[in-house]
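# What the coordinates show
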Amino acid sequence: MHGDLARRWKVEDLALAVGMSRTTFTQRFKTLVGLPPLDYLMRWRMTVAGTELRKGDKSLSAVAESVGYASDTAFNSAFKRTIGQSPGRWRSGN
């Protein structure tokens, strides 16, 4: 998932990539990482997006697209829910 962050990942895809059932993969992932796979993916996407926003060389839409969001609205909502502030506020450092 790190190598293709913008992909619309499903647990089935991740489990298949490592030769496990969805249930076994999810259980093992949660045990090792501490979060279910798609929760981890969302947090990782927001971490990467936060870094890109602070760099300031990409538009908000470009950052959203690079981490798998086709809609700025969906990205803004996910970012605020995960990081605790809007992408614009995060970018400005406030």
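Residues numbered from 1 in each chain as written. Predicted model: local features only at pLDDT ≥ 70, side-chain atom pairs only at ≥ 80, totals over all residues. Heavy atoms only, no water.

## As for the side chain of E52
Following the sequence through the fold, E52 ends up in helix α3 (residues 37-55). Judged by its relative accessible area of 13%, E52 falls in the buried class. Beyond its immediate stretch of four places on either side in the chain, E52 contacts D57, K58, V63 and R91. (Helix = DSSP H or I, 4+ residues; strand = E, 2+ residues; numbered from the N terminus. Buried < 20%, exposed > 50% of the residue type's maximum accessible area, 1.4 Å probe, protein only. Contact = heavy atoms within 4.5 Å.)

## Concerning α3
For α3, which comprises 19 residues, the first-to-last C-alpha distance of 27 Å matches the rise-based estimate of 27 Å (1.5 Å per residue) to within 8%. Of all the residues in α3, the buried ones are P37, Y40, L41, R45, M46, A49, G50, E52 and L53. Against the buried residues of α3 lie α1 (11-17), α2 (22-33), α4 (60-66), α5 (72-83) and α6 (87-92). G56 occupies a position one or two residues after α3 and carries a positive phi of about 80°. (Expected span 1.5 Å × (residues − 1).)

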